[in-house]
Amino acid sequence: MSGEDAIKIDQPQELSFEESPEISEEIEKRHKIEKLLLEGGGHIEIDILRELARSDHGLVADDLRRTLWPALVGVDVKCLLPAPKLRDFETHPEYNQVVLDVNRSLKRFPPGIPYEQRIALQDQLTVLIMRVICKYPDLRYYQGYHDVAVTFLLVAGEEVAFAVMDVLSTNHFSECMQETMDATQKRLLFIWPVVNFENPELFNFLQHSGVGTMFALPWYLTWFGHSLNSYKAVVRLYDYFLASPVYSPLFVTAAIILYRADEVFMQDCDMASIHLLLSKLPENLPIEQLLNISSHLYDKYPMTMIKKEVERLEREDQERRKLDEKSALERRKKLARNAKSSSNYTLSHWIPQLLTPKSFIVTTAFSIFVGFCAYYYKSQYMSAGIS
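Just so we're clear, the structure is a prediction, and the values are computed from it rather than from any experiment.

Things to note about the pattern of salt bridges
Alright, step 1. One pass over the full model with this rule turns up 16 salt bridges.
Alright, step 2. The salt bridge involving Glu 22 is made with Arg 30; its shortest N-O contact spans 3.0 Å.
Alright, step 3. When the shortest N-O distance is used, the salt bridge between Asp 62 and Arg 65 registers 3.1 Å. Of this pair, Asp 62 and Arg 65 both sit in helix H3 (residues 62–72), separated by 3 residues, roughly a single helical turn.

Quick look at the structure:
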């Protein structure tokens, strides 16, 4: 992606890797998953697996995700290729940018990790990203891609993480990896019809504020991995996204906006205030509740319906822009006419006052006096022999 088209996103939230004991519902679901794996010889039928990943508590823990995430995207872990060396990519034009972003990803690694292990993981992350870029020359690296890749690296290891990112880069993230972000920014508009259908008052408030969709861009680009401060919440969302249709992050985004409606209405209706509020996700979001809402929204509003609504909103926006431009042009013309009229008024006001009978007599007398002086001095010079 060219420098002028690249979109910068803020520094990532520092992840909390705090471990908490599994609650009774998680323990029960773990047992269910382990039983299915045992009965299936290490495999779970894909429709059942997707339902497990989408339903409450997802795949529960990383030891299960290590086995089940590759299965969700169709990766055969028996056919993995060994990773190349880091030096093999050093001449690639995107290498330096990738290294810069990876070096800024320290907050995404577990705290207290030994220095040598952290450096090794950073090198593995760089190699993972470069392998995808080199395999698909038509795809462009974007800032935030490393936030996704590091999550798979931490859970599944280097080879599996590459195989998963290989698949995701050609479907889930393919729009994000185009030459420009135009397709991604247009896709983000799909959140507005859902918000409008569910809460028209909130939609109108947000549109009037002019907040746009930039606050949600890091969420979509990184599957919220850049913006959440809880590792457990991030991997839970990844369970859901891997088992759901490509556009499921948009419905999660809409669910979060709807959930925060009361907070939005407490703000001033201006872009700065609303962007600041929405761009920072609060701690302890009710992830399971939001995912259930998202699933409900996805079932309720087909993508064809949302696309038609986006097209309608775009037409309205274009018509509004034309009216605004027409009004602005009329205002400029009016100002120009007023300025010209004011100038004409000034001249027409002062010239008659200057040309009163009294001023005319004084001016005439002064002109005659000047002419007489000129004639007199010229006569004197000529009599003295000066031409």
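Details of the side chain of Asp 101
Alright, step 1. Among the structural elements, Asp 101 can be located in helix H4 (residues 95–103).
Alright, step 2. Of the polar contacts made by the side chain of Asp 101, one reaches the side chain of Arg 104; its length is 2.5 Å.

What to know about helix H6 (residues 145–156)
Alright, step 1. Across its 12 residues, H6 extends 17 Å between first and last C-alpha, which sits within 8% of the 16 Å expected from 1.5 Å per residue.
Alright, step 2. Among the 12 residues of H6, 11 are classified as buried, and the element is accordingly described as predominantly covered.
Alright, step 3. Taken residue by residue, H6 has Tyr 145, His 146, Asp 147, Val 148, Ala 149, Val 150, Thr 151, Phe 152, Leu 153, Val 155 and Ala 156 as its buried positions.
Alright, step 4. In this structure, the buried side of H6 is in contact with H3, H4, helix H5 (115–135), helix H7 (158–169), helix H11 (217–222) and helix H12 (231–242).
Alright, step 5. Of the residues flanking the end of H6, it is Gly 157, one or two places downstream, whose phi is positive at about 90°.

Digging into helix H1 (residues 24–39)
The α-helix winds at 3.6 residues per turn, so residues separated by three or four positions along the chain end up facing the same way.
Alright, step 1. Over its 16 residues, H1 extends 23 Å from the first C-alpha to the last, a length consistent with the 22 Å expected when each residue adds 1.5 Å.
Alright, step 2. Taken together, the buried positions of H1 are Glu 26, Lys 29, Arg 30, Ile 33 and Leu 37. When H1 is viewed along its axis, its buried side chains cluster within an angular range of 105° and face the same direction. Seen from the open side of H1, the exposed residues pointing more than 90 degrees away from its buried face are Ser 24, Glu 28, Lys 35, Leu 38 and Glu 39.
Alright, step 3. Of the surrounding elements, those touching the buried residues of H1 are helix H2 (46–54), H3 and H12.
Alright, step 4. Trailing H1 by a residue or two, Gly 41 shows a phi angle of about 65°, which is positive.

What counts and how
Residues numbered from 1 in each chain as written. Predicted model: local features only at pLDDT ≥ 70, side-chain atom pairs only at ≥ 80, totals over all residues. Heavy atoms only, no water. Salt bridge = Lys/Arg side-chain N within 4 Å of Asp/Glu carboxyl O. Helix = DSSP H or I, 4+ residues; strand = E, 2+ residues; numbered from the N terminus. Polar contact = N/O pair within 3.5 Å; in protein donor to acceptor, adjacent residues only side chain to side chain. Expected span 1.5 Å × (residues − 1). Buried < 20%, exposed > 50% of the residue type's maximum accessible area, 1.4 Å probe, protein only. Contact = heavy atoms within 4.5 Å. Arc of directions from axis to C-beta.

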